[in-house]
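Listed below, chain by chain, are the residues.
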Amino acid sequence: MAALRQGMSPELEAAMEEAEDAGHMQADSEEEKEEPRLRDTPEDISFEAAANTIAFHPNRDILAAGDVDGDVYVYSYSCLEGGNQELWSSGHHLKSCREVSFSHDGHKLFTVSKDKSIHILSVEEGRLVTRFSKAHNSALNSLLMIDEHLFATGDDSGMLKVWDLRKGTAIMEMRQHEEYISSMAIDENKKLLLTTSGEGTMGVFNIKRRRFELLSEPQNGDLTSIVLMKRGKKVACGSSEGTVYLFNWDGFGATSDRFAVKAESIDCMVPVTENVLCTGSIDGVIRAVNILPNRVIGRVGQHLGEPIEQLAKSHTGQLLASCGHDQQVKFWDISALSSMVVDDYRKRKKTGQLKALSRKAFGGGEDFFADLREETEALKEEESDSDDSD
């Protein structure tokens, strides 16, 4: 370059140096632009069909989803902008995939479908490892991993089955419910399996002795979801009527407490701490709810008026994922909920609007004017909501 400049006028040489400097600055600017931005949560994942079910990997930043077309997708996720990546997808199911769940070691992914089949896939490759093609006589609806060998399934007719992978067959089959089994939970000792049903009852099954224990009194509406709270001393059930029913452990026959969340429904729930759970509803709102004292703390997020199908908590406990009829999986920062304390006596003021508990929730730091009509309608639906319950 120096040789080329010999004989040049000082003005021309100065102009060339200025152009070189500008080029370097532009290159540096482009490098800066290429730096991915760090977000509070991963970006939304969009699908071609509505996702029914989602599950987080037990120890890696991986999420699985199953949709109404029967397809299963596995993504790695990241808070870096553009960091989400589809790892693989599977179209083995002939009908809607209704539940996905990772094995406890994270090596396998279990899926159940309306086509009455159970599939077990390798997480690394998405390869079909095991298939139970006619696992139930009715469409499968729910799935629960018990330990490294046992898992349970429930179907639309109320049939419960417990499977042993070592034997490759069901070791327990019982039909005590008259309607679909919506959700299942198990105690820390892996002894009592609890089920909720569309008939409004909670079932108790002793899987150690392989026997049915009892059904609870029927509640109003469908029981849609079940979680254990208060270190296993309380059982919380969500209902299609928007009420949370509480049972004492070993007092399964009748509820010990109940309170109305004043949502249109509670279609899914996930525990965040021993006292706080999150609920998803047909109105598209994700609410954080404190158990005893029973209180709606605020709004974690929303799907703009579209029904929410399922919620899941990440292995770090920092993220909540939700899937809804808007064909998206959304991520929410729930790190603040772990330190939240609800006073027994002090009640929050009734403002007519739920408090925003994340930056992406309406009223939070990332609130925006897009889809303003949907936001206004969602807030109108909240005007009658109370932030506390007696």
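The structure under discussion appears in the preceding block.
Quick caveat: nothing in here was measured; it's all calculated off a predicted structure.

Caption draft 1: Quick look at the overall build of the protein chain. A count of helical and extended segments in the protein chain gives three helices and 28 strands. Within the protein chain, the fraction of its 390 residues that count as buried is 51%. Intrachain contacts of the protein chain at a sequence separation of at least 6 include 47% that bridge at least 24 residues. Surface accessibility of the protein chain: about 18600 Å² in total, with carbon and sulfur atoms responsible for 45%.

Caption draft 2: Layout of the sheet that holds strand E13 (residues 169–175). Across the sheet, four strands lie side by side as E10-E11-E12-E13; this open sheet has antiparallel pairing. Unpaired on one side and paired on the other, strand E10 (140–145) and E13 mark the two borders of the sheet. Across this sheet, the average inter-strand angle for adjacent strands is 20°, counted without regard to direction. Bridge count between strand E11 (residues 150–155) and strand E12 (residues 159–164): five bridges; the pairing is antiparallel. Looking at E12, one finds that Gly154 is bridged to Leu160.

Caption draft 3: Local environment of the nonpolar core. With 17 residues, the main nonpolar core has Cys278, Ile286, Ala288, Val300, Leu311, Leu320 and Leu337 as its most contacted residues. Taken together, the elements giving at least two residues each to this core come down to strand E22 (268–271), strand E23 (276–280), strand E24 (285–290), strand E25 (295–302) and strand E26 (308–313). Other than its neighbours up to four places away in sequence, Leu320 contacts Val270, Cys278, Ile286, Val300, Leu311, Ala312, Lys313, Lys330, Phe331, Trp332 and Ile334.

Caption draft 4: A look at the pattern of salt bridges. Counted according to the given criterion, the structure contains eleven salt bridges. Across the salt bridge formed by Asp44 and Lys360, the nearest N and O atoms sit 4.0 Å from each other. Residue Asp44 is located in the loop between helix H2 (10–34) and strand E1 (45–46), and its partner Lys360 is located in the loop between strand E28 (328–333) and helix H3 (372–382); the two are separated by 316 residues in the primary sequence. Its relative accessible area of 32% is what places Asp44 among the partly exposed residues. A residue is classified by how much of its surface remains accessible, and Lys360, at 17% relative accessible area, is buried. Here Glu124 makes a salt bridge to Arg60, at a shortest N to O gap of 2.7 Å. In this pair, Glu124 is assigned in the loop between strand E8 (118–122) and strand E9 (128–132) and Arg60 in the loop between strand E2 (51–56) and strand E3 (62–67), connecting sequence segments 64 residues apart. Owing to a relative accessible area of 58%, Glu124 belongs among the exposed residues under this scheme. Ionic contacts of the salt-bridge type, sharing partners, join the residues Asp44, Lys330 and Lys360 into one network.

Caption draft 5: Local environment of the packing of aromatic side chains. The final tally for this structure, using the stated rule, is ten aromatic pairs. Seen in terms of ring centroids, Phe151 and Trp163 are 6.1 Å apart; in terms of plane orientation they differ by 5°. Their pairing is stacked. Taken as a pair, Phe151 in strand E11 and Trp163 in strand E12 lie far apart in primary sequence, twelve residues in all. Using a relative accessible area of 1% as the deciding quantity, one classes Phe151 as buried. Accessibility expressed as a relative area gives 5% for Trp163, which makes it buried.

Caption draft 6: Local environment of the sheet that holds strand E27 (residues 319–324). The antiparallel open sheet is built from four strands, whose spatial order is E1-E28-E27-E26. Sheet topology places E1 and E26 at the edges, where each strand pairs with a single neighbour. Both E1 and E28 contribute to a ladder of two bridges, which runs antiparallel. By the bridge assignment for E28, Ser46 is matched with Gln328.

Caption draft 7: Representation of the environment of Ala254 within the structure. Mapped onto the fold, Ala254 is located in the loop between strand E20 (243–248) and strand E21 (257–260). Distance in space between the C-alpha atoms of Ala254 and Glu217 is 5.8 Å, their sequence separation being 37 residues. Ala254 has contacts with Glu217 and Phe247, leaving out every residue within four places of it along the chain.

Reading the values: rules and limits
- Within each chain, residue numbers correspond to sequence positions counted from 1 in written order.
- Residue-level local features of this predicted model are given only where pLDDT is at least 70; pairs of side-chain atoms are given and counted only at 80 or more, and the full residue set underlies all totals for whole chains, interfaces and linings.
- The basis for every side-chain value is the complete set of non-hydrogen atoms in the structure, without hydrogens or water.
- Secondary structure elements are taken from DSSP: a helix is a run of H or I of four residues or more, a strand is a run of E of two residues or more, and numbering for both begins at the N terminus.
- Classification of residues uses two cut-offs on accessible area relative to the type maximum, computed with a 1.4 Å probe and protein chains only: under 20% is buried, over 50% is exposed, and between them is partly exposed.
- Contacts are residue-level and defined by heavy atoms, with any inter-residue pair within 4.5 Å sufficient.
- To measure how exposed things are, a 1.4 Å probe is used in the Shrake-Rupley method; for residues, cover is taken only from the protein chains shown.
- The criterion for strand pairing is that DSSP finds at least two bridges linking the strands in question.
- Axis geometry follows a simple rule: fit a line to the C-alpha atoms, using only the stretch in contact for helices, then measure angles between N-to-C directions, giving values from 0 to 180 degrees.
- Nine residue types can take part in a nonpolar core, namely buried Ala, Val, Leu, Ile, Met, Phe, Trp, Tyr and Cys, and a core is a set of them joined through side-chain atoms within 4.5 Å.
- One side-chain nitrogen of Lys or Arg within 4 Å of one carboxyl oxygen of Asp or Glu is enough to make a salt bridge.
- Pairing of aromatic rings covers Phe, Tyr and Trp, the last through its six-membered ring, and needs centres within 6.5 Å; plane angles under 30 degrees mean stacked, over 60 mean edge-to-face, and all others mean tilted.

Everything listed here is a matter of coordinates, which is why it stays silent on function.
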